[in-house]
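Observations on chain architecture
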Amino acid sequence: MFDESYWEERYSSHEHVWSGRPNVQLVAETSELTPGTALDVGCGEGADAVWLAERGWKVTAVDYSQTALERGAVNDPTKSVQWVQGDMNTWDPGQQFDLISSQFTHPPDGPRQILFARLAGMVAPGGTLLIVAHHPSDMETGVRPLKMPELFYTAEEVADSLPKDEWEIVTAEARPRLEKHKGEGQEVTVHDTVLRARRT
């Protein structure tokens, strides 16, 4: 359901979809890393990609939506991000990266494991895989309108899918944060799935 046409329609029908600020877990998990090459998976309007580029990363940002990519390029003061329209299930970058960041990517069970295996294979030795998502417990808070449990997953599930002799798990947790409930206007505690792993 979340294919190219879905995302292009979503972005083209709104002036802005996201806040324009980098995701908090990206900032928390990568601020101390040495900049290198980075791949931003499902980059949307590019706030994460721009934040990384401003800190010296050489960033490739990939998304289904051309509209979203154009917005990212306009808001990129570094003019150094490579903006790529593509499907991460099939797109081949022809290289490995020092950092791969997937923020709130929610393919269903089955395709998800295939995608994350592809991403893991694109991480250079010594590099970092960072996967952040809505935790399954969020469905109990009412802040997630989708009642599709197959779209939600834990950090431990992702960690268990990585070959133990190739990866060091740095972070695997359900991290709490406050988020405003759109329907009721009050802040509630939600949890982000946060998986950070280093390829040995």
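Everything below is about the structure printed above this text.
The following refers to the structure shown.

Procedures and definitions
- Residues numbered from 1 in each chain as written.
- Predicted model: local features only at pLDDT ≥ 70, side-chain atom pairs only at ≥ 80, totals over all residues.
- Heavy atoms only, no water.
- Phe/Tyr/Trp six-rings, centres within 6.5 Å; stacked < 30°, edge-to-face > 60°.
- Helix = DSSP H or I, 4+ residues; strand = E, 2+ residues; numbered from the N terminus.
- Buried < 20%, exposed > 50% of the residue type's maximum accessible area, 1.4 Å probe, protein only.
- Pairing = 2+ DSSP bridges.
- Right-handed = clockwise from strand over helix to strand, strands pointing away.
- Polar contact = N/O pair within 3.5 Å; in protein donor to acceptor, adjacent residues only side chain to side chain.
- Contact = heavy atoms within 4.5 Å.

A short note on the packing of aromatic side chains
Scanning the entire structure with this criterion turns up one aromatic pair. Here phenylalanine 116 and tyrosine 153 contribute two aromatic rings whose centre-to-centre distance is 5.5 Å and whose plane-to-plane angle is 70°, an arrangement assigned as edge-to-face. Remark: tyrosine 153 occurs in the loop between β5 (123–134) and α6 (155–161) and phenylalanine 116 occurs in helix α5 (residues 111–121); sequence separation between them is 37 residues. We classify phenylalanine 116 as buried; its relative accessible area is 6%. Owing to a relative accessible area of 1%, tyrosine 153 belongs among the buried residues under this scheme.

Considering the environment of aspartate 87
Looking at where aspartate 87 falls in the secondary structure, it is placed in the loop between β3 (82–85) and β4 (97–103). Sequence separation between aspartate 87 and valine 62 is 25 residues; the distance between their C-alpha atoms is 7.7 Å.

What to know about the pairing of β3
Successive residues of a regular strand alternate their side chains across the two faces of the sheet. Alignment of strand β2 (residues 58–63) against β3, held across four bridges, turns out to be parallel. The residue of β3 that forms the bridge with alanine 61 is tryptophan 83. In this view, the connection linking β2 to its parallel neighbour β3 by way of helix α4 (residues 66–74) has right-handed handedness.

A short note on α4
Thr67, Ala68, Leu69, Arg71 and Gly72 are the residues of α4 that are buried. The backbone nitrogen of threonine 67 lies 3.3 Å from a side-chain oxygen of the residue at the head of α4, namely serine 65.

Examining the environment of alanine 159
Following the sequence through the fold, alanine 159 ends up in helix α6. Note on alanine 159: relative accessible area 13%, which makes it buried. C-alpha of alanine 159 to C-alpha of glutamine 66: the two residues are 93 residues apart in sequence and 32 Å apart in space. The contacts of alanine 159, once residues within four sequence positions are left out, are Ile169 and Leu195.

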